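# Tertiary structure, described
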Amino acid sequence: MKLTVRIWRQSGSGDRGRMVSYAVQDIRPEMSFLEMLDVLNQDLITNGEDPVAFDHDCREGICGACGVVINGRAHGPEQTTTCQLHMRAFRDGDVIDVEPWRATGFPVVKDLVVDRSALDRIVQAGGYITAPTGSAPEAHAIPVPKHDAELAFDNATCIGCGACVAACPNGSAMLFTSAKVTHLNVLPQGRPEREQRVLDMVAAMDDEGFGGCTNTGECVKSCPKELPFASIARLNREFLRASR
Amino acid sequence: MSVVQHHVGRPVSDTKAPDVALERRWDERRFTAKLVNPANRRRHRVIVVGTGLAGASAGATLAEQGYHVVQLCFQDSPRRAHSVAAQGGINAAKNYRNDGDSVHRLFYDTVKGGDFRSRESNVYRLAEISTQIIDQAVAQGVPFAREYGGLLDTRSFGGVQVQRTFYARGQTGQQLLLGAYQALSRQIDAGRVEMHARTEMLDLIVVDGRARGIIARNLVTGQITTHVADAVVLATGGYGNVFYLSTNAKGSNASAIWRAHRRGAYFANPCFTQIHPTCIPRSGVHQSKLTLMSESLRNDGRIWVPKVQGDTRSPDQIPMDERDYYLERMYPSFGNLVPRDIASRAAKNQCDAGFGVGPGGLGVYLDFGDAIQELGRPAIEARYGNLFDMYQRITAEDPYQVPMRIYPAIHYTMGGLWVDYDLQSTVPGLFVIGEANFSDHGANRLGASALMQGLADGYFVVPTTINDYIGSNTFDAVPAAHPTVQQTQRDGQARLERLLSIGGTRTVDSFHRELGLLLWDHCGMSRNESGLREALERVPELRADFWHSVRVPGEGAELNQELEKANRVADFLELAELMLVDALVREESCGGHFREEHQTAAGEALRDDARFSHVAVWEHGDRPVLHREELTFDHVRPTQRSYT
Ligand SMILES: Cc1cc2nc3c(=O)[nH]c(=O)nc-3n(C[C@H](O)[C@H](O)[C@H](O)COP(=O)(O)OP(=O)(O)OC[C@H]3O[C@@H](n4cnc5c(N)ncnc54)[C@H](O)[C@@H]3O)c2cc1C
Ligand code: SF4
Ligand code: FES
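Residues numbered from 1 in each chain as written. Chains lettered and ligands numbered in written order. Predicted model: local features only at pLDDT ≥ 70, side-chain atom pairs only at ≥ 80, totals over all residues. Heavy atoms only, no water.

### Concerning the state of the cysteines
- Tallied over the full model, the rule gives zero disulfides over all chains.
- The thiol sulfur of B:Cys73 is not disulfide-bonded, and the nearest other cysteine sulfur, from A:Cys63, lies at 11 Å.
- B:Cys73 sits in the buried class, given a relative accessible area of 5%.
- B:Cys279 carries a free sulfur, and the closest cysteine sulfur to it, the one in B:Cys351, is 13 Å from it. (Disulfide = S-S within 2.5 Å. Buried < 20%, exposed > 50% of the residue type's maximum accessible area, 1.4 Å probe, protein only.)

### Observations regarding the sheet that holds strand S20 (residues 614-619) of chain B
Residues and elements named next belong to chain B.
- Read across the open sheet, the five strands follow the order S1-S21-S20-S12-S18; overall the sheet is mixed. The two strands at the open ends of the sheet, each matched to only one other strand, are strand S1 (7-8) and strand S18 (416-417).
- On top of the sheet, helix H16 (residues 561-585) reaches strand S12 (267-268), S20 and strand S21 (625-630); it is set at about 145° to S20, its chief contact. (Pairing = 2+ DSSP bridges. Helix = DSSP H or I, 4+ residues; strand = E, 2+ residues; numbered from the N terminus. Contact = heavy atoms within 4.5 Å. Axes fitted to C-alpha atoms, helices over the stretch in contact; angles between N-to-C directions.)

### Focus: the interface of chain A and chain B
- Across the contact, 75 residues belong to chain A and 74 residues belong to chain B.
- Of the roughly 6100 Å² buried between chain A and chain B on both sides combined, carbon and sulfur atoms contribute 51%.
- The interface formed by chain A and chain B holds eight salt bridges in total.
- A:Glu78 serves as the salt-bridge partner of B:Arg393, at 3.3 Å between the closest nitrogen and oxygen.
- Linking chain A to chain B there are 45 residue pairs in polar contact (both at pLDDT 80 or more).
- Counting only elements with at least two residues in the side of chain A that touches chain B, the list comes to helix H1 (33-46), strand S6 (108-110), strand S7 (113-114), helix H2 (117-124), helix H3 (146-156) and helix H5 (174-185) of chain A. (Buried area = accessible area lost by both parts, 1.4 Å probe. Salt bridge = Lys/Arg side-chain N within 4 Å of Asp/Glu carboxyl O. Polar contact = N/O pair within 3.5 Å; in protein donor to acceptor, adjacent residues only side chain to side chain.)

### Side note on the nonpolar core
- Ranked by internal contacts, the top residues of the largest apolar core, which has 234 residues, are B:Ile90, B:Phe144, B:Leu234, B:Leu430, B:Ile466 and B:Phe546.
- Element by element, the count of residues in this core is highest for H16(B), at 15 residues.
- A domain split of this core shows at least three residues from each of domain 1 (3-110) and domain 2 (116-243) of chain A.
- Apart from residues no more than four positions distant in its own chain, B:Ile466 is found in contact with B:Val46, B:Leu62, B:Tyr67, B:Ala231, B:Val233 and B:Phe431. (Core = buried A, V, L, I, M, F, W, Y, C linked by side-chain atoms within 4.5 Å. Domains from an automatic or database assignment.)

### Section: the layout of surface pockets
All names here are of chain B.
- By volume, the largest pocket is sized at about 1200 Å³.
- Taken together, 50 residues make up the lining of the largest pocket; nearest its centre are Arg169, Glu381, Ala382, Gly385 and Asn386.
- In terms of residue count, helix H11 (residues 377-395) provides more of the lining of the largest pocket than any other element does, 10 residues in total.
- Taken together, the residues of the lining of the largest pocket sort by class into 18 nonpolar, 16 polar and 16 charged. (1 Å grid on protein atoms, 1.4 Å probe; cavity = no way out; pocket = protein on both sides within 12 Å on 5 of 7 lines; lining within 4 Å. Points joined across faces, edges and corners; volume = space filled by probe spheres on them. Nonpolar A, V, L, I, M, F, W, Y, C, P; charged D, E, K, R; others polar.)

### Let's talk about the pairing of strand S3 (residues 68-72) of chain B
Residue and element names in this part refer to chain B.
- Judged by how many residues are buried, S3 sits mostly within the fold: five of five residues are covered.
- Of the strand pairs in this sheet, strand S2 (residues 45-49) and S3 are connected by five bridges, and their pairing is parallel. Looking at the pairing, Val48 lines up with Gln71 of S3.
- Read from S2 through helix H3 (residues 53-65) to S3, the crossover connection turns out right-handed. (Right-handed = clockwise from strand over helix to strand, strands pointing away.)

### Things to note about the domain arrangement of chain A
All names here are of chain A.
- For chain A, the assigned domains read domain 1 (3-110) and domain 2 (116-243).
- Averaged C-alpha coordinates put domain 1 and domain 2 at centres separated by 29 Å.
- Taken together, the 19 residues of domain 1 in the interface contact 21 residues of domain 2.
- Summing both sides of the interface, domain 1 and domain 2 together bury roughly 1400 Å²; the carbon and sulfur share of this comes to 55%.
- When the buried surface of domain 1 facing domain 2 is broken down by residue, Gln79, Trp101 and Phe106 rank first, second and third, together holding 37% of it.
- At the junction of domain 1 and domain 2, the tally comes to one salt bridge.

### Examining the site of ligand 1
- Close contacts around ligand 1 come from 38 residues, with B:Gln75, B:Ser83, B:Gly88, B:Met201 and B:Glu435 the closest.
- More than one chain reaches ligand 1: the nearby residues come from chains A and B.
- Measuring from an oxygen atom of ligand 1, one finds a backbone N or O atom of B:Thr51 at 2.8 Å.
- Between ligand 1 and the protein, one listed contact pairs an oxygen atom with a backbone N or O atom of B:Gly88 at 2.8 Å.
- Surface burial for ligand 1 is 98%, taken as the share of its 1000 Å² of free accessible area covered by protein chains.
- A molecule is said to occupy a pocket when more than half its atoms come within 2 Å of that pocket's grid points, and by this definition ligand 1 occupies the largest cavity. (Near = heavy atom within 4 Å. Areas by Shrake-Rupley, 256 points an atom, 1.4 Å probe, with all protein chains shown as cover. Sits in = over half its atoms within 2 Å of the grid points.)

### Topic: the pattern of salt bridges
All names here are of chain B.
- Scanning all chains against the criterion turns up 72 salt bridges over all chains.
- When the shortest N-O distance is used, the salt bridge between Lys348 and Asp352 registers 2.7 Å. Of this pair, Lys348 and Asp352 are both found in helix H9 (residues 340-352), four residues apart, which corresponds to roughly one turn of the helix.
- Of the residues examined, Asp352 reaches a relative accessible area of 51% and is grouped as exposed.
- What you see here is one network of salt bridges that share partners, running through Asp115, Arg117, Arg586, Glu588, Arg607 and Asp609.

### Notes on empty space enclosed by the protein
- Here the structure, examined in full by the defined rule, presents 13 cavities of 30 Å³ or more.
- Of the pockets and cavities examined, the largest cavity occupies roughly 830 Å³.
- Taken together, 50 residues make up the lining of the largest cavity; nearest its centre are B:His82, B:Ser83, B:Gly237, B:Gly238 and B:Glu435.
- Here the residues of the lining of the largest cavity sort into 20 nonpolar, 24 polar and six charged.
- One number sums up the size of the second largest cavity: a volume of about 650 Å³.
- If you trace the second largest cavity, you find 40 residues lining it, with A:His56, B:Gln561, B:Glu564, B:Lys565 and B:Arg568 closest to the centre.
- For the lining of the second largest cavity, the element with the highest residue contribution is H16(B), accounting for seven residues.
- When its residues are assigned to classes, the lining of the second largest cavity shows 12 nonpolar, 13 polar and 15 charged.

Pasting the structure below:
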């Protein structure tokens, strides 16, 4: 396949940035989207140009490092991570726009790389269970009903990619935060810190400049791990309960 | 016979494991280890490089104990360390199923699985601690799979006949890492861990023979920073990416341990690398990494090839009696669950003999047809749903309908920096944990044992042994102006400047691919003397070529991903040579190290215990110096491994 990719180039936070168009050739359907960018970068380097910076690591959809907006959609046309999107989703001759996550909470570092450390700070505010090493009771001491364990798991699969924020018209981090709150609050181990956790995490989320949630649901459409929309309602309930 | 360019040095040995009964050693060590007054710990800084299972658990625990922890990772968040990708599970001798498991059996399985090339004391401790890891993870809220009664579920992994593997669907590593990351986050919030993400260690600072800090590069600004401390813990993962194509994350690298090696830390068993039998076959030259399909799939999937060579019929057209379920045929008692080295070699042999399937005949089938028929699709979906989805996304084939095609790939490195029972390297004050050390897996790691080791090291072992080191030593302040600090910083800076100034014609990736292919061909699934010698001639040439004609665009004082890669590949080009030397010198086959000259009539690895029952421990020098650590087996008698 031959493609035209128009990519956001920005040398750093001081630069205003712009879209630049590149032709890429010899793209095969079984390549991943990032392998297509690799091909482009190898060409750019050989031609003495600066390669496109983008975040990635595992390239198997689990580390959450990758993530760009492709033709206006966070992670592109399929509901998966950018690294698991394959070029068979495109056709010969296509023009593809590639941009970084855009959100107040995620300043651009360079080209397609953004700073998502705000998500770490939300977790630091309370996204944990206090369980100092060595003090744990025998694992079977507290049975967890299968249903609760599954619900916790469904929410714990979040990879922290930030697509939900990028997809949201308000730049809200509600899906991310609600997933962590739900994971920990439904488990018996998480109960003692249940109230403080939700209050602190929501406060941190607001402090980081993420917008409010207006239930547009764009987040779940872009979430590669299919986090449940219902978790946002659950977060709201937990928050009200704790604020009373 | 051997004319390798190396010297032989004096033997080394572990002096830290107490001389008491095997079962009492760890208890005894914990008792004899010096304690540090909690009020004083605050004044001691400990650097932890890495935030995988090993690093995150160590950082969180050391901070909880009161140390001032300085922690680094090269990713943008500690939660992304490569441990996140582990799929299948974590072993623990809980014996919840009452199927005859015990600490002793886990110990025995691990020593045997490692083909009798690991240290009994360390492995026993690992088995002992395994049960506490599960308790710790559950307390943190790790959502392990559970049964309807609310109790934890377990499954089988290769090389064992009990069900001791705990799992969280196909995302066990992710869930365990999030548990450790969250524990670390709590300490970051409390101000006890100073976390530096997007920061890469460039070198180790050794003052008066002791590890006293590191220099690092801020990957966003390019600034080179110095961190001094009283002890340094490396938890930087494995070096499988020396092969370019592997199941490791793209950023996984050997630089931290290699730099430490050059500063005096000995490197053990560099040639012991693990090839995982079930990975998605490569699809073309553009391939940037290989994707693992968890070993847990071998619980329900059956591996087969057509009975006639070059059979191009689609798998559903090949009747039962024309299929060769070769693992079940050759190893009736373990069947599809033989250890990895054996399963990988068997797949290679089938393909080499022309029975392989798929493009280039480089694949075998992993078939779930029978399991789906027997248990129903929902049961299979519940066990492996995310793996099946991943497979389908990558290959565009539906594994519920068509058998998966799989082929072996580089996955794990048993070799690493040499450490004693305290997990301390030959540089005092430098501790090495997780996949970065060589400690527990001998010549072959059993599935679900790396997560166990990383967490045992980080939560339980190193926090104890570091106390002993800090409690037994005094530490003068090392000022930033100290000549060694200054010199180390200048060295690091100079190396980066040199890389940037070469201005050649070839990309970093092109060198990395070439190196990887060379190693895969000559130091991969099987090795022989002439191939190793050939590669040993080629690697130094390639390295010289790299330093002459690589092109690293951009500047040092900015986010420069090509510079990061170049710096790592430069180290791989040195490490590769040591791997080859090690593979050449070890004239026997054991575990993942298969020397074609040394095999049984049935084609199995043939150990030579009389000559090679030791750890090969390498000191850096113009020519590497080989020190041996003799291994003694008082509790498990080395035998020819048998899984038939
Ligand atoms: C696909 C896959 C599946 C696996 N599945 C299983 C399984 O089911 N069960 C099992 O037991 N094992 C499994 N393993 C093996 C296991 O995941 C790893 O051995 C283990 O997670 C390694 O953990 P670690 O903490 O030692 O290193 P890692 O998790 O690799 O962490 C390394 C850390 O070091 C940092 N780092 C590295 N170099 C530098 C540097 N120079 N400067 C600063 N920071 C640096 C990184 O940023 C990272 O934080 C699997 C491995 C793979 C690849
Ligand atoms: S909720 Fe989904 S989209 Fe948001 S960070 Fe988590 S995985 Fe990514
Ligand atoms: S690179 Fe890890 S999720 Fe895409």
